[in-house]
Each structure stands twice: as structure tokens, then as C-alpha cells.
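# Results of the structural survey
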Amino acid sequence: MARAFLIVLDSAGCGGAPDAGDFFNGDLPDTGANTLGHIIKHVGLHVPTMDALGLGAAIRLSTGIDTPGLSAEPTALWGVARETSIGKDTPSGHWELAGLPVPWEWTYFPDTVPAFPDDITNALCKAAGTNGILCNAHSNGIKVIDERGEEHLRTGWPICYTSADSVLQIAAHEEVFGRERLMKMCADVAPLLHERLVGRVIARLFVGTSRADFERTQHRKDFAIKPPKPVLTNWVQASGGKVHGVGKIGDIFSMSGIDTSVKGSDAELMLALDGLAERADAGDFIFANLVEFDTNYGHSRDVAGYGAALERFDLWLAQFLPRLREGDLLILTADHGNDPSWAGTDHTREQVPVLVHGVGVGEIGICGFSDVAASIAAHLGVAERGTGRSFL
């Protein structure tokens, strides 16, 4: 048996979701959002390795727009995946890519001040050991630390905020508030949030002494609802293979079906993938999420930064492909969009490219997120396929 690698470029959507009008950034629907297409339009994109795998072709299939600079004839299988889960965030996308469309509607907090009901606010105060919390509203993670970080240092109160996603995020200073204290706070309140079908409680740590030098650290942790049914990670384990989570994969699946887990910056995670290409055994599944496209550039609406990050990834990919063994499968895809040229600061409801290296050449067409899981299962000889259909 060969191995399977699934790398999720977090938020690298390619537009065209037919139900985008049902999802909003503020008062503006996501209709017309196109993360990759608009990066090409505004700043250009030089990613010859991904283009050879079919990236330009996938963007054109998804939206019909021109892709100047991305015109290679694909040398791999390529297509576009469409999500059925009602959501445009991390758990919805990753669960469905792993074979399980989300079986419920997530709970979201209103865009009001305060955003959280009193019992949740009281639980947050109790878990933190403070008399109050800061923010208690919708906000962007970088912005809220800039605006509330100095007040946090003065008061000791945690910064608690949400977004258009089903999430409650808690930011705190790594040294003044303490990393372990924040992790315990999140663990204490997560069951209450999960009971209400809020997908994640996220610990966000930062350092610095003032607004001028506040910076988030790499010690983020997601306290996510465990999938209610076995998914691809469990299927692979049950068949005798090991599952290696790279990035926040272990958090997303609450370590269900995960044998090893590594975290770090995207640059560190790409080095980890290099190592796994050398040492992972036949039958193993390597599941990676590269989150900085989303967190560093999508939410902050940094079009040029997003494009530059994609180009750095493409340079890495060019040297990674020769590390793969004969018969290995590599799938590059995304979990949702986050168009850096769009209004607001939230994710965008988009289709995603599916680029498949190692198993032939041709057009997949439009497939479902769950088809990715079914295809990986088929490649690894795993009997369970979930709701999807293999495109191999």
C-alpha cells in the first residue's frame, strides 16, 4: 500500500458556490466572492507548480473567469468541490472532507453588544476567576487584541469575542494571564458551548507590552466538538494505518483517529510534511491544515500578503512532490473561502479546488467534499467510504 496526503490550504476557495447568497459578511451576501480569482485579478499570482496540477483550470471551471498567468495544461487530476454542510468554517469543511457532512445547524452568536447570553458570560468569568470579560461582541482576532490588549493587561480580564462562525474565542496574554490558565479556562467552558452546538472554543495567546508590539503566538488551541460518527481518520486507523495530523487537525477532530500531531507556523508545518514524506509508512494518512492563509491574510483582508503566501507554498510544493513515493496520493484542497478583497472580515461561502497528484490526469468536474474522503479511502484500501463517491 502507498500513502495518502491531504493538504488543506485554509480558506483558498475559488468562488462560485451556488448557495453563496444565503451567507453574509455583515449585510453583504457572499455572492461573487472568489478568494483565488480575486487575488489573481488584483495582484496576480505566480504558482506554476499548482497551475500544472490544475489550479487555473479549477478556478475557470468554478467561476468562468479568466486566469491570466495560470494557463498550464493540467498534468494531474483536477476539479472543484462543493460543500453541502450548512456552514463556512473550519469544522464544517474538515468534517465533510473527512466524509461526514455536519448533521445539524451550528449555533451562532448575534452581532450585538453583548453577544453572549448572561449564563455564558458568567461561566467565562467563573472559569477565568475574574469579575468580567472584555469585548463580548463580534470582532476580528488581530483587531480585538490591538483594541483591547492594553485594557486586558490593566484589568486581567480575558478578551472574549465571536464572529460569523460558530465559535467563542478567548484571547489572553501568554505571560501575564498565563498559557495554562487560558487552556484550563477554555477546557472548563467548552462543554457548555458544545451542548449548545457552538463548534469551537479557541484559545488565542499573544505577547507584547502595548498596542505597538502585540503579536499572537503559535500556541493557539481549538476545543472543538468531537464528530458524532467515525470519519476518515477513524476508518484509516481501523484498517491498520496510522494518521498523522499536521497543524490544527488534531484539534478539529478532538484527536479522534489521530496517532501523531504536530503544530507550528506554516513554514514549520511544511518542514514537518517533508519529514513525513520520508518516514511515514505504507498505508498511512497524512492530514494537514495550513492555517495562515486564513488567519494572517484572509481575515485581515491582505490581498498581496495572501498572494505572496500562496507563491511561497508553491515554491515549497515544487520540492515536495519529488519526495513522494511511487503510488502515493496527494490531494490539495481548501475548506471554505476567505476572499481578501471582500467586505467584512469573515469567511466566504465558496467552492474549492481539488488538485490530485499521483494517480493520473484528467478532469474530475464538480464533486462533493465527501468525495475527497471516499477517494482517499479507496486509495488506501479502506472499506468505509462514508457518504462520498471516489473520483479516482
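Since this is a predicted model, take the numbers as computed values, not measurements. (Residues numbered from 1 in each chain as written. Predicted model: local features only at pLDDT ≥ 70, side-chain atom pairs only at ≥ 80, totals over all residues. Heavy atoms only, no water.)

Moving on to the overall build of the protein chain. Of regular secondary structure, the protein chain possesses 13 helices and 16 strands. For the protein chain, the residues scored as buried account for 60% of the 392 residues in total. Considering only residue pairs separated by 6 or more positions, the protein chain has 69% of its internal contacts joining residues 24 or more positions apart. For the protein chain, the accessible area works out to roughly 14700 Å², and carbon and sulfur atoms hold 51% of it. Measuring between centres, the 32 positive side-chain charges of the protein chain sit 4 Å from its 50 negative side-chain charges. (Helix = DSSP H or I, 4+ residues; strand = E, 2+ residues; numbered from the N terminus. Buried < 20%, exposed > 50% of the residue type's maximum accessible area, 1.4 Å probe, protein only. Contact = heavy atoms within 4.5 Å. Areas by Shrake-Rupley, 256 points an atom, 1.4 Å probe, with all protein chains shown as cover. Lys, Arg positive; Asp, Glu negative; His and termini not counted. Charge placed at Lys NZ, Arg CZ, Asp CG, Glu CD.)

This part is about the sheet that holds strand β14 (residues 329–333). Spatially, β12-β11-β13-β1-β14-β15-β4-β16 is the arrangement adopted by the eight strands of the open sheet, whose pairing is mixed. Of all strands in the sheet, those bounded by a partner on one side alone are β12 (260–262) and β16 (362–368). Across this sheet, the average inter-strand angle for adjacent strands is 15°, counted without regard to direction. (Pairing = 2+ DSSP bridges. Axes fitted to C-alpha atoms, helices over the stretch in contact; angles between N-to-C directions.)

Under the criterion given, the structure shown has 15 salt bridges. Salt-bridge contacts for K88 lead to D30; the nearest nitrogen and oxygen are separated by 2.7 Å. Taken together, the positions of K88 in the loop between β4 (77–82) and α4 (90–97) and D30 in the loop between β3 (28–29) and α1 (35–43) put the pair 58 residues apart, joining distant regions of the chain. The exposure class of K88 is buried, given its relative accessible area of 6%. Residue classification places D30 among the buried positions, given a relative accessible area of 0%. Connected through salt bridges with shared partners, the residues D19, E83 and R349 form a single ionic network. (Salt bridge = Lys/Arg side-chain N within 4 Å of Asp/Glu carboxyl O.)

Residues spaced three or four apart along an α-helix face the same direction, because each turn holds 3.6 residues. An ideal rise of 1.5 Å per residue puts 26 Å on 18 residues; helix α12 (residues 303–320) measures up with 26 Å between its terminal C-alpha atoms. Within α12, burial applies to V303, G305, Y306, G307, A309, L310, F313, D314, W316, L317 and F320. Structurally, the start of α12 carries an N-cap: the backbone nitrogen of G305 is 2.7 Å from a side-chain oxygen of D302. (Expected span 1.5 Å × (residues − 1). Polar contact = N/O pair within 3.5 Å; in protein donor to acceptor, adjacent residues only side chain to side chain.)

Evaluation of the coordinates by the stated rule reveals twelve aromatic pairs. Taking the centre distance of 5.7 Å and the plane angle of 85° together, the rings of W104 and W106 count as edge-to-face. Residue W104 is classed as partly exposed on the basis of its relative accessible area of 22%. A residue is classified by how much of its surface remains accessible, and W106, at 5% relative accessible area, is buried. With a centroid separation of 4.5 Å and 25° between ring planes, the pair formed by W316 and F320 is classed as stacked. Of the two residues, W316 and F320 are both situated in helix α12; the distance of four residues between them amounts to about one turn of the helix. (Phe/Tyr/Trp six-rings, centres within 6.5 Å; stacked < 30°, edge-to-face > 60°.)

Bringing the pairing of strand β1 (residues 4–9) into the picture now. With respect to burial, β1 is a largely interior element, six of its six residues being buried. Examined bridge by bridge, β1 and strand β13 (residues 285–290) share six bridges and lie parallel to one another. Bridge pairing in β13 links F5 to I286. Pairing of β1 with β14 involves five bridges; the strand directions are parallel.

By secondary structure assignment, the location of S139 is in the loop between β5 (134–138) and α6 (141–155). If near-sequence neighbours (up to four positions away) are discounted, S139 is found in contact with V144, Y161, T162 and S163.

On to helix α7 (residues 174–195). Where α7 bends most, at R181, the angle is about 55°. Three or more residues of α7 are buried, namely E174, F177, G178, L182, M183, M185, C186, V189, A190 and L193. Buried residues along α7 sit against α5 (118–128), α6, β6 (159–162), β7 (167–173), β8 (200–207) and β10 (221–224). Two residues or fewer after α7 comes L197, characterised by a positive phi angle close to 65°. (Bend = angle between axes of the 7 residues up to and from the residue.)

The next point concerns the environment of S370. Tracing the sequence through the fold places S370 in helix α13 (residues 369–380). Residue S370 is classed as buried on the basis of its relative accessible area of 6%. Leaving out residues up to four positions away in the same chain, S370 has contacts with E96, G99, L100, P101, T387 and G388. Engagement of the side chain of S370 in a polar contact is seen with the backbone oxygen of E96, the distance being 3.4 Å.

In this structure, P114 follows V113 across a cis peptide bond, with omega equal to 0°. As for its placement among the helices and strands, P114 is situated in the loop between α4 and α5. Although it is not a glycine, S11 adopts a positive phi angle of roughly 85°. Within the secondary structure layout, S11 lies in the loop between β1 and β2 (24–25).

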